[in-house]
Amino acid sequence: MAYKLLALNIDGTILKNNGRLQRETKEAVEYVKKKGVYITLLTSRNLLAARKVARALKLESELITFQGAIIGKSLNEKLFEELIPEERTFNIVQILENFNCNIRLMHERYSLGNRTKVKKNLVVKTVLSSGDPFFYPTQFVDSLGDVLMDEPLAVPKIDVYFASDAERDEAAAVLAKAFSTIDMIMHPNGKMEIVPQGVSKLTGLRRLGHYLGISLKEMVVIGDGVDDIPAIEAAGLGVAMGNAPAEVKKVADWVTRSNEQLGVAYMIKEHFRKQQRPEFLRKLKMKR
């Protein structure tokens, strides 16, 4: 099988734990690109932060961001966008403010969060890893509900942090009864992402594949999180990082080294080494 698209998660996959992008990873991505493979980033990050990583990798491709809610090269060049409408965003916040949780409304240009103290380290880590604050600033307010009353906001994603998985699941049950038009993505350590119904990394891949004329079976997906599982399962070659949880490794076709051990570069050397450019394969087929 000659793979035509490589989709890479960012955090925990191409970046090391300190947020650095290694030279070996850049070289491996360039190696695949020269073989005529389309390379995209598949991330829960905002588009501005993902674009910054893409520039470091010398990629000009469409990026799947906000868990698939926005696909595009830039904020001015979007292939797809789906938002949680203003009124629904306000109503979700009204429910969440009854729980002890950190809420972050992830607008395309900035994030807006409440000041509730739940797990400071988790939220601070997320703020720092979401990208350069100059490009994607974060503002904190005492009451999101009060702010949204005066300045309604439609967003592609809402991040919520609870002190425990049990508290998160309790809030999720309330939201599920109140709204049939949202999906909730659960993460370890009490984190939840709320997106428009039908939005996911997998549906984002499908949309991009349809646009490019590339099927899921012609794609390679490399990821490390539970939110990567559907895309890893559906891809022609699904790869889990060595640092991924057991449930991610279980569905993968192949498990590479960890992000600290340059697992993406290792996987690319192992699997793309013998792959020829699609143009060469077409000529070979015509000669036969």
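Residues numbered from 1 in each chain as written. Predicted model: local features only at pLDDT ≥ 70, side-chain atom pairs only at ≥ 80, totals over all residues. Heavy atoms only, no water.

Engineer: Describe the overall build of the chain, with residues and values.
Structural biologist: A count of helical and extended segments in the chain gives twelve helices and 14 strands. By the burial criterion, 50% of the 288 residues in the chain qualify as buried. Relative to all contacts within the chain whose residues are 6 or more apart in sequence, the contacts with residues 24 or more apart total 61%. Counting every atom, the chain has about 13,800 Å² of accessible surface; 50% of that belongs to carbon and sulfur. (Helix = DSSP H or I, 4+ residues; strand = E, 2+ residues; numbered from the N terminus. Buried < 20%, exposed > 50% of the residue type's maximum accessible area, 1.4 Å probe, protein only. Contact = heavy atoms within 4.5 Å. Areas by Shrake-Rupley, 256 points an atom, 1.4 Å probe, with all protein chains shown as cover.)

Engineer: Which residues make up the side chain of Asp 159, and what values do they have?
Structural biologist: One can find Asp 159 in strand 9 (residues 157-162). In terms of polar contacts, Asp 159 uses its side chain to reach the side chain of Lys 157, at 2.7 Å. The residues touching Asp 159, leaving out its near neighbours within four places in the chain, are Asn 102, Ile 103, Arg 104, Met 106, Lys 191, Met 192 and Glu 193. (Polar contact = N/O pair within 3.5 Å; in protein donor to acceptor, adjacent residues only side chain to side chain.)

Engineer: Provide a residue-level description of unusual backbone geometry, including the pertinent values.
Structural biologist: In this structure, Lys 58 is a non-glycine residue whose phi angle is positive, near 60°. Structurally, the position occupied by Lys 58 is in the loop between helix 3 (47-56) and strand 3 (63-65). Its relative accessible area of 61% is what places Lys 58 among the exposed residues.

Engineer: Go over the environment of Val 220 with me, naming the residues and quoting the values.
Structural biologist: Relative to the elements of secondary structure, Val 220 occurs in strand 12 (residues 219-223). For the pair Val 220 and His 271, spaced 51 residues apart in sequence, the C-alpha to C-alpha distance is 10.0 Å. When residues no more than four places from it in sequence are discounted, the contact partners of Val 220 are Tyr 3, Leu 5, Leu 6, Ala 7, Leu 237, Val 239, Met 267 and Phe 272.

Engineer: Break down the sheet that holds strand 1 (residues 5-8) for me, citing the residues and quoting the values.
Structural biologist: Pairing in this open sheet of five strands is parallel, and the strands run 2-1-12-13-14 from one edge to the other. Each edge of the open sheet carries a strand with a single partner, namely strand 2 (38-41) and strand 14 (254-255). (Pairing = 2+ DSSP bridges.)

Engineer: How would you explain the nonpolar core if you had to name every residue and give the values?
Structural biologist: Judged by nonpolar contacts, the single largest core of 39 residues is most densely connected at Leu 6, Leu 8, Ile 14, Leu 41, Val 220, Ile 222 and Phe 272. At the level of elements, strand 1, helix 1 (10-14), helix 2 (23-34), strand 2, helix 3, strand 12, strand 13 (237-240) and helix 11 (263-271) are the ones that each hand at least two residues to this core. With sequence-adjacent residues up to four places away left out, Leu 8 is seen in contact with Ile 14, Val 29, Ile 39, Thr 40, Leu 41, Leu 42, Ile 222 and Val 264. Within the second largest apolar cluster, 26 residues are counted, among which are Leu 96, Cys 101, Val 155 and Ile 182. (Core = buried A, V, L, I, M, F, W, Y, C linked by side-chain atoms within 4.5 Å.)

Engineer: How would you explain the packing of helix 2 against helix 11 if you had to name every residue and give the values?
Structural biologist: Two elements in contact, helix 2 and helix 11, have axes separated by 8 Å at closest approach and are oriented at 30°. The chirality of how helix 2 crosses helix 11 is left-handed. Contacts between helix 2 and helix 11 involve Glu 24, Thr 25, Ala 28, Val 29, Tyr 31 and Val 32 on the former and, on the latter, Val 264, Ala 265 and Ile 268. (Axes fitted to C-alpha atoms, helices over the stretch in contact; angles between N-to-C directions. Left-handed = near helix turned anticlockwise from the far one by under 90°.)

Engineer: Break down helix 4 (residues 86-96) for me, citing the residues and quoting the values.
Structural biologist: Along helix 4, the residues that are buried comprise Thr 89, Phe 90, Ile 92, Val 93, Ile 95 and Leu 96. As for helix 4, its buried residues are in contact with strand 6 (101-106), helix 6 (144-150), strand 9, helix 7 (165-178), strand 10 (182-186) and strand 11 (191-196).

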